[in-house]
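# Observations on chain architecture
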Amino acid sequence: MNSPHAPAPALPLYRRHRLRSAARAATVAALLLGTAGEARCYTGLDGNGAHYALAVPVRWNGSLVVHAHGGPDLGDASDPARSTEDLERWAVMVEEGYAWAGSSYRRGGYGTRMAAADTESVRRVFLDRFGKPERTYVHGQSWGGNVAAKVAETYGTEPGAYDGVLLTNGVLGGGSRGYDYRVDLRVVYQYYCGNHPRPTEQRYPLWQGLRPGSTMTSAGLSARLRECTGFDAEPAERTALQQRNLDDILAVTGIPERSLESHLRFATFTFRDIVSTRLGGRNPFSNRGVRYAGSHDDRALNAGVERFSADPAARRDLSWDSDLTGRVSLPVLTLHAIEDPTAFVEHESAYRATLRGAGREHRLVQTFTRESEHSGLSSAEYANSIAALDRWARTGRKPTPRSVAASCAAFDRSRGTGCFYDPAFRPSPYASRVLPRPGGLAWPAMTAEQERAWGRIDGVGIAP
């Protein structure tokens, strides 16, 4: 067996793709210069058609971080740039001595189990090249947190495959409930703005996000949002109607103003991908029975907003693909910004309730920081988090939020990016932020028994 601390000879398939991507790999390697020294970087294509990036520090500590990227990005093919961009973005882990393996996934678009399978695939690619690491940790941020949690439940029971899970700013409510606030945004926006679609345009049910075949672009959507709300203008430059529309939309949905555009993009283009491309045009979303509040006229809003109910089979398929059972057998450490404007911190409450419902809450430690970003947290905190998870896996001694916070200062001395932990913080219940649908208060959203039963149904889930 190859030594886990030295690069193995490249296999022919990997060598072929590494040479094609030599310039990209060299660029990434040049960026990975720090406390761990230079890293050897490799890119390639796995058997599923997913591009990947690997990095092994010259002073490798013997452990591997397998990374699940967020999104989902949209597009038909695997994007070779995504895995190298994420390697650059989380270079701190390589600088701390951990090897890295990240997949771009075999295609764009939604598919949590697909992404989890490709994440597991890149772990196996690493093993084929470099042998078995001493420890292996799976990390996911944003939607990648959902993917990484799915990896832990699906592949984490294999002896020796994974030793721990790190979830940062994760979308942990799953697909069947995790996007309900974007369902609400889609219908509330249309009630006030009436331009998505316009009265002169072809009508379609709003649960589609956007009708199939539409040529609307992100810029076109932004123009409509601007027309209705003046969202990117100074308040003094908005009309009275724009300001009232903006105030009502934000108050009813609870979405921060600075992330309103990105959430509406998701509720438009990603919803179209989920419904039209992955579920064959079936509707997995519902807002029946939801009472909207906080506007200047709630009675009129609730009387006029579009209502719809989910197709039970479509909702089952989305749930089977993306919901979590909580049946995890590994140590799980989470890190979440309290003011995350994209994956609300209340996702952590949903995840804790999911593990509690499965009797696995003892495997979870959650940490929170007084930050307000979604895509990037303090490098010192990332370095501290992977080190805390590593100690837990190696020693069996479970950390506490307070002990994790206390250990961050040692990393910040070299990183200088700050430690912003709030060990006393506890998020409110998920239903306090996202209006629950009837029957949507119990967790997990998908039990292990449902997962087994649904898994026996031919064609269940999201189209691969």
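Residues numbered from 1 in each chain as written. Predicted model: local features only at pLDDT ≥ 70, side-chain atom pairs only at ≥ 80, totals over all residues. Heavy atoms only, no water.

We now examine empty space enclosed by the protein. Any empty space left between atoms is shown by rolling a water-sized probe over those atoms. This structure, assessed with the given rule, holds one cavity of 30 Å³ or more. By volume, the largest cavity amounts to about 30 Å³. Across the lining of the largest cavity, the residue classes tally to four nonpolar, three polar and one charged. (1 Å grid on protein atoms, 1.4 Å probe; cavity = no way out; pocket = protein on both sides within 12 Å on 5 of 7 lines; lining within 4 Å. Points joined across faces, edges and corners; volume = space filled by probe spheres on them. Nonpolar A, V, L, I, M, F, W, Y, C, P; charged D, E, K, R; others polar.)

Now for the sheet that holds strand β4 (residues 99-103). If you walk across this open sheet you meet the eight strands as β1-β2-β4-β3-β5-β6-β7-β8, and the pairing is mixed. Pairing within the sheet leaves two strands with one partner each, and these edge strands are β1 (39-45) and β8 (364-369). Strand-to-strand, the axes of this sheet are offset by a mean angle of 15°, without reference to chain direction. Where strand β7 (residues 332-337) lies against β8, six bridges are found, and the strand directions are parallel. Counterpart to V332 in the pairing with β8 is L364. Here helix α3 (residues 80-89) sits on the sheet and contacts β1, β2 (51-57), β3 (63-68), β4 and β5 (135-142); the angle it forms with β2, its principal contact strand, is near 30°. Strand contacts of helix α6 (residues 143-155): β3, β5 and β6 (164-170), with the helix running at about 145° to β5, the strand carrying the most contacts. (Pairing = 2+ DSSP bridges. Helix = DSSP H or I, 4+ residues; strand = E, 2+ residues; numbered from the N terminus. Axes fitted to C-alpha atoms, helices over the stretch in contact; angles between N-to-C directions. Contact = heavy atoms within 4.5 Å.)

Where helix α8 (residues 180-193) contacts helix α9 (residues 218-229), the two axes come as close as 10 Å, and the packing angle between them is 55°. Classified by the interaxial angle, the pair formed by α8 and α9 is oblique. Of the two elements, α8 crosses α9, and the hand of that crossing is left-handed. Of α9, the residues touching α8 (which contributes Y189, Y192 and C193) are R224, L225, C228 and T229. Of the residues belonging to the contact of α8 with α9, the class tally is five nonpolar, one polar and one charged. (Parallel < 35°, antiparallel > 145°, perpendicular 65-115°, else oblique. Left-handed = near helix turned anticlockwise from the far one by under 90°.)

A separate point is the state of the cysteines. A complete count under the given rule lists two disulfides for this structure. The residue that forms a disulfide with C193 is C228, at a sulfur-sulfur distance of 1.9 Å. Handedness of the C193-C228 disulfide follows from its S-S torsion of about -75°: it is left-handed. One end of the pair, C193, is in helix α8; the other, C228, is in helix α9, and 35 residues separate them in sequence. Using a relative accessible area of 16% as the deciding quantity, one classes C193 as buried. The residue that forms a disulfide with C408 is C419, at a sulfur-sulfur distance of 2.0 Å. One disulfide, between C408 and C419, carries an S-S torsion of -85° and so falls in the left-handed class. Note that C408 is positioned in helix α16 (residues 401-415) and C419 in the loop between α16 and α17 (448-455), a separation of 11 residues in sequence. (Disulfide = S-S within 2.5 Å. Buried < 20%, exposed > 50% of the residue type's maximum accessible area, 1.4 Å probe, protein only.)

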